[in-house]
Amino acid sequence: MFSEEIQKALMEEFFSENRESLDRIEQGLLKLESNPGHKELINAVFRDMHTVKGNCRMMGFPRLEELTHKAETLLDLMRDDHLLMSQEIGSLLFNVLDRVRKTLLEIAQSGSEGIADFAELMQKLDYCVSHPQEKTADSAAVSISLTEPAPPSPATAQPETKVPTRDSPVTAPSESDANQSSAPMESIRLSLSRLDTLMNQVGELGASFNQLKYVITQKPDHIDQLLEVHGKQIAWLQNEVIKYRLQPIGRIWDQYHRLVRDLAVAIGKKVVLDLIGEETEVDRNVLTSINELLGHLIRNAVDHGIESPEERTRMGKSPIGRIILKAEQKHGQIFLEIKDDGHGIDPVLVVEKALSTGLITVQQAEEMSETEIFKLIMLPGFSTAKEISTISGRGTGMDVVQNALNKMGGTISIASTLGTGSTFRMSIPQTMAIVPALLVHESNETFAIPQVNVIELVSFYGGEIGNNIEGKMQSPMVRVREKLLPLIPLQRLLTRDGPRRAPQREIERLLAATAVHVAVLHAQEHLFALEVGAILGHSSLLIKPINRIFSHIPILAGTAVMPDGSISFLLNVQALLAGADELG
């Protein structure tokens with residue numbers, strides 16, 4: 001009998017290997033739908049299904065073993081050219097994958113397969129196995145055959161997603177179903193060489209700490225030199241740990257092929273998804289955070305961005321719509337782009353909707369640029385969809401995307417051309433664990449600003465203040481390198497619920513000051529200047545999630561413990577800019 005420790009290790013390997021095998025099966029099936037007779041793909045999918053079955057047998061889960069065995073038998077018919085892959089067969093096998101994944105989650109939670117009934121699903125698999133279609137046969141025969149078996153008895157019947165056929169309605173998968181395969185990553189794999197390197201550095205860090213204790217008591221004049229060495233070792237260790245936390249963004253992207261496929265089948269569209277930059281590495285926490293918002297934008301594109309095949313043909317387009325998901329890393333930021341070649345967003349309809357709901361006035365509508373108009377769809381509840389959809393609505397819930405980005409300190413911009421398509425561009429931090437930051441002081445508190453958002457630091461004294469700060473449209477502006485930038489006092493944003501100062505009084509306060517300290521920041525392609533009480537310097541901070549007590553304050557993105565034990569708040573630069581707009 002295995003010890004508890006060995007059993008736990010075996011189970012972890014069981015879940016890890018099965019998850020990887022199921023992901024490969026899913027991607028293989030998606031490719032087989034567009035290339036049904038591809039022998040290498042069929043063999044690869046068969047081998048992975050055989051692995052899953054074997055794992056279930058070895059760990060003592062007979063019901064999962066039986067289900068995967070029947071799916072393996074179906075794949076074996078494809079290997080022998082007795083059955084041709086089709087959309088209907090694909091849907092059946094995808095249902096098998098979903099049930100296996102769901103059951104694995106139940107095993108992880110309870111240690112048991114549970115009592116879920118696979119009878120209907122296995123009956124469909126048995127029917128396909130007992131009625132094989134020749135490779136040249138019309139797939140329509142298979143489509144019809146999947147609806148002919150007698151239903152299971154009431155005692156064993158259980159609701160289950162039906163295989164899509166020409167005679168039965170199709171239910172679109174929910175977002176939770178679509179994301180089911182992307183359960184939080186509980187483990188990562190490290191090479192022994194990287195682990196040895198990490199262990200060696202930890203050993204050196206321990207030795208350095210012992211030297212530090214000795215120097216403090218015996219040779220205090222050497223402490224500065226040793227502290228510098230100690231600091232470098234800690235910085236190296238932090239960077240290495242961050243590298244270990246970084247995961248290719250493609251780890252969550254593969255599931256979007258399935259999401260697009262299922263949505264397109266559900267609503268009678270033809271859509272392909274192209275992925276660019278799958279190797280781009282992102283912190284695993286960021287990876288989890290962006291999963292849902294990317295899924296939402298993709299659902300939006302499929303449901304309301306891409307036209308029906310008939311409409312696309314009338315417009316002279318290919319009947320197959322295309323969505324491109326792209327990622328790249330620059331200067332500690334991840335830039336994401338979701339682009340579709342659908343009918344685009346009509347700015348006229350957006351304005352009409354905004355006017356009808358009182359979000360903007362006629363005068364504001366006349367003065368808004370197209371970019372500003374598209375930003376309106378990010379407001380809560382905004383939608384221009386003509387029909388309510390169970391899948392998504394162009395704009396419905398887009399505030400959820402905006403809120404998720406705000407929490408990560410991310411930004412989003414929208415571009416669209418009517419008849420051509422839409423592009424959603426986002427930027428997010430590569431990691432949310434250890435953040436290089438600028439430390440500033442304001443209102444007796446220390447605040448941190450992500451270094452990636454900082455362009456320049458400027459301080460004005462005495463007569464320099466009047467020469468470089470002025471009022472434009474009654475709002476403070478500051479001149480930096482011959483550019484006039486909006487000047488936002490951090491103190492105003494922190495006391496926004498208190499008495500409001502007129503812009504002119506704000507200008508008078510600035511001109512009367514003996515010194516004005518400014519950080520020039522960028523957010524979503526905008527430059528602005530943030531006035532702070534003092535500039536303290538730079539530091540790498542271990543960022544913790546914001547306490548729920550402060551979660552309602554949008555300009556706060558996280559917290560960090562300072563060397564003296566005090567707490568500093570990480571500022572959300574995008575929210576600073578948005579908050580300044582609200583203050584007027």
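Note that the structure is predicted; figures quoted are calculated from it, not measured.

Undergrad: It is not clear to me how the overall build of the chain should be interpreted in this structure. Could you clarify?
TA: Check the secondary structure of the chain and you find 20 helices and 18 strands. Taking the contacts inside the chain whose residues are at least 6 apart along the sequence as the reference set, 70% of them involve residues at least 24 apart.

Undergrad: Before we go on, may I ask you to explain the nonpolar core in this structure?
TA: Note that soluble globular proteins tend to have their nonpolar side chains buried in a common cluster. Counting residues in hydrophobic clusters, the biggest one holds 50 residues, and the most contacted among them are Trp253, Ile290, Leu294 and Leu336. Broken down by element, this core gets its largest block of residues, 9 residues, from helix α11 (residues 284-305). Beyond its immediate stretch of four places on either side in the chain, Trp253 contacts Leu275, Ile276, Gly277, Glu278, Leu294, Leu325, Lys326, Ala327 and Leu336. In terms of nonpolar packing, the next biggest core, distinct from the first, is built from 40 residues, Leu32, Leu77, Met78 and Met122 among them.

Undergrad: Teacher, can you tell me more about the sheet that holds strand β8 (residues 434-442) here?
TA: Read across the open sheet, the 5 strands follow the order β16-β8-β9-β18-β17; overall the sheet is mixed. Every interior strand has two partners, whereas the edge strands, β16 (534-542) and β17 (556-561), have only one. Pairwise comparison of adjacent strand axes, ignoring direction, gives a mean angle of 35 degrees for this sheet. Here 6 bridges tie β8 to strand β9 (residues 445-450), and the two strands are oriented antiparallel to one another. Along β9, the bridge assignment pairs Val440 with Phe447.

Undergrad: Would you mind going over the pattern of salt bridges with me for this structure?
TA: Two side chains of opposite charge can pair, provided their charged atoms sit close to one another. For the coordinates displayed, the defined rule picks out 24 salt bridges. Via salt bridges that share partners, Asp23, Glu26, Glu33, Asp98, Arg101, Arg258, Arg261 and Asp262 belong to a single interconnected network.

Undergrad: Whenever I open this one, unusual backbone geometry confuses me. Can you help?
TA: One can expect most non-glycine residues to show negative phi and most peptide bonds to be in trans. In this model, Asp81 sits at a positive phi of 65 degrees, which is unusual for a non-glycine residue. By secondary structure assignment, the location of Asp81 is in the loop between α3 (62-79) and α4 (87-110). A positive phi is found at Glu482, a non-glycine position, where the angle reads about 65 degrees. Secondary-structure assignment places Glu482 in the loop between β12 (475-480) and β13 (483-489). Owing to a relative accessible area of 66%, Glu482 belongs among the exposed residues under this scheme.

Undergrad: It is not clear to me how the side chain of Glu307 should be interpreted in this structure. Could you clarify?
TA: Here Glu307 lies in the loop between α11 and α12 (309-314). Given the relative accessible area of 2%, Glu307 is considered buried. Within polar-contact distance, the side chain of Glu307 engages the side chain of Arg312 at 2.8 Å. Among the polar contacts listed, one links the side chain of Glu307 to the side chain of Lys317, at a separation of 2.8 Å. Discounting residues that sit within four places of it in the chain, Glu307 has contacts with Lys269, Arg312, Met315, Lys317, Asp341, Gly342 and His343.

Undergrad: How do you make sense of the packing of aromatic side chains when you look at a structure like this?
TA: Each aromatic ring pair is summarised here by two numbers: the centre-to-centre distance and the angle between the ring planes. In this structure the tally under the stated criterion is 3 aromatic pairs. In this structure an aromatic cluster arises from ring pairing among Phe14, Phe15 and Phe61. The positively charged end of Arg63 is found above the aromatic ring belonging to Phe118, 4.6 Å away from the centroid. Lying across the ring of Phe46, Arg79 places its NZ or CZ 3.7 Å from the centre.

Undergrad: Explanation requested: the packing of α4 against helix α10 (residues 250-267) in the structure shown.
TA: A packed helix pair is summarised by two numbers, namely the angle formed by the two axes and the spacing between the axes. Contact geometry of α4 with α10 gives a least axis separation of 12 Å together with a crossing angle of 125 degrees. If you check the angle between α4 and α10, you find them oblique. The handedness of the crossing between α4 and α10 comes out as left-handed. Of α10, the residues touching α4 (which contributes Gln87, Gly90, Ser91, Phe94, Asp98 and Arg101) are Arg258, Arg261 and Val265. Of the residues in the contact of α4 with α10, the class split is 2 nonpolar, 3 polar and 4 charged.

Undergrad: Got a minute to help me understand the environment of Leu457 in this structure?
TA: On the secondary structure map, Leu457 appears in strand β10 (residues 454-461). With 78 residues separating them along the chain, Leu457 and Ile535 place their C-alpha atoms 8.4 Å apart. Not counting the four nearest positions on each side in its chain, Leu457 is found in contact with Leu438, Val518, Ala519, Ile535 and His538.

Undergrad: Is there a simple way to think about the pairing of strand β15 (residues 526-532) in this case?
TA: Looking along a regular strand, one sees side chains alternate from face to face of the sheet. Among the 7 residues of β15, 5 are classified as buried, and the element is accordingly described as predominantly covered. As paired elements, β13 and β15 share 3 bridges and run parallel to each other. Residue pairing in the sheet places Pro489 in a bridge with Glu531 of β15.

Undergrad: What am I meant to see in the environment of Ser540 here?
TA: Within the secondary structure layout, Ser540 lies in strand β16. According to the relative accessible area criterion, Ser540 is partly exposed, its value standing at 45%. Between the C-alpha atoms of Ser540 and Ala560, which are 20 residues apart in sequence, the distance is 9.9 Å. In contact with Ser540, not counting residues within four places along its chain, are Ile434, Val435 and Pro436.

Undergrad: Is there a simple way to explain helix α16 (residues 398-408) in this structure?
TA: Because each turn of an α-helix spans 3.6 residues, side chains separated by three or four positions end up pointing in the same direction. For α16, the set of buried residues is Met398, Asp399, Val401, Gln402, Leu405 and Met408. The elements touched by buried residues of α16 are α11, β6 (411-417) and β7 (421-429). Remark: Gly409 follows α16 within two positions and exhibits a positive phi of approximately 75 degrees.

Undergrad: Quick question: what am I supposed to make of the pairing of β12 here?
TA: Taken together, the 4 bridges between β12 and β13 define a ladder with antiparallel strand orientation. Across the sheet, residue Arg479 finds its bridge partner in β13, namely Leu484. Counting the residues between successive antiparallel strands, the hairpin from β12 to β13 contains 2 residues, one of them, Arg481, with a positive phi of roughly 55 degrees.

Undergrad: Sorry if this is basic, but what is going on with the confidence of the model for the chain here?
TA: Atomic detail in the predicted coordinates should be set aside for any region of low pLDDT. Per-residue confidence for the chain gives a mean pLDDT of 80, with 83% of residues at or over 70. Summarising per-element confidence for the chain, the mean pLDDT is lowest in helix α6 (residues 139-145) (39) and highest in α12 (95). Below pLDDT 50 for its whole length, residues 149-184 participates in 64 contacts with residues either more than four positions away or in separate chains. Confidence drops under a pLDDT of 50 for residues 390-396, and excluding neighbours within four residues, the segment shows 32 contacts in the predicted structure.

Criteria and cut-off values
Along each chain, residue indices are assigned from 1 in the same order as the chain's sequence is written. Per-residue local features of the predicted model are confined to residues with pLDDT of at least 70, and side-chain atom pairs are confined, for both listing and counting, to 80 or more; whole-chain, interface and lining totals are unaffected and use all residues. In computing side-chain values, all of the structure's heavy atoms are included and hydrogens and water are not. Numbering of helices and strands runs from the N terminus, with a helix taken as a DSSP run of H or I at least four residues long and a strand as a DSSP run of E at least two residues long. Residues count as neighbours in contact if any of their non-hydrogen atoms are within 4.5 Å of one another. Here the nonpolar core consists of buried residues drawn from Ala, Val, Leu, Ile, Met, Phe, Trp, Tyr and Cys, with membership extended through side-chain atoms lying within 4.5 Å. We call a residue buried when its accessible area falls under 20% of the maximum for its residue type, exposed when it is over 50%, and partly exposed in between, using a 1.4 Å probe and counting protein chains only. Note on pairing: DSSP must find at least two bridges between two strands before they are called paired. Axis definition: a line fitted to C-alpha atoms, limited for helices to the stretch in contact. Angles are taken between N-to-C directions and run from 0 to 180 degrees. Only one rule defines a salt bridge in this text: a Lys or Arg side-chain nitrogen within 4 Å of an Asp or Glu carboxyl oxygen. For the purposes of these results, a polar contact is taken to be a pair of N or O atoms within 3.5 Å, where, inside protein, one atom must be able to donate a hydrogen and its partner to accept one; residues adjacent in sequence count only when each atom of the pair is a side-chain atom. Aromatic contacts are taken between Phe, Tyr and Trp rings whose centres are within 6.5 Å, Trp giving its six-membered ring; a plane angle under 30 degrees counts as stacked, one over 60 as edge-to-face, and the others as tilted. We call a charge positioned above a ring when the Lys NZ or Arg CZ atom is no farther than 6 Å from the ring centre and deviates by at most 35 degrees from the ring normal. Should an angle lie under 35 degrees it is considered roughly parallel, over 145 roughly antiparallel, and from 65 to 115 roughly perpendicular; all remaining angles are considered oblique. In this scheme, a crossing is called left-handed if the near helix is turned counterclockwise away from the far one by less than a right angle; it is called right-handed if the turn is clockwise. When residue character is reported, Ala, Val, Leu, Ile, Met, Phe, Trp, Tyr, Cys and Pro are called nonpolar, Asp, Glu, Lys and Arg charged, and the others, Gly included, polar. Residue-level confidence of the predictor is what pLDDT reports, using numbers from 0 through 100.

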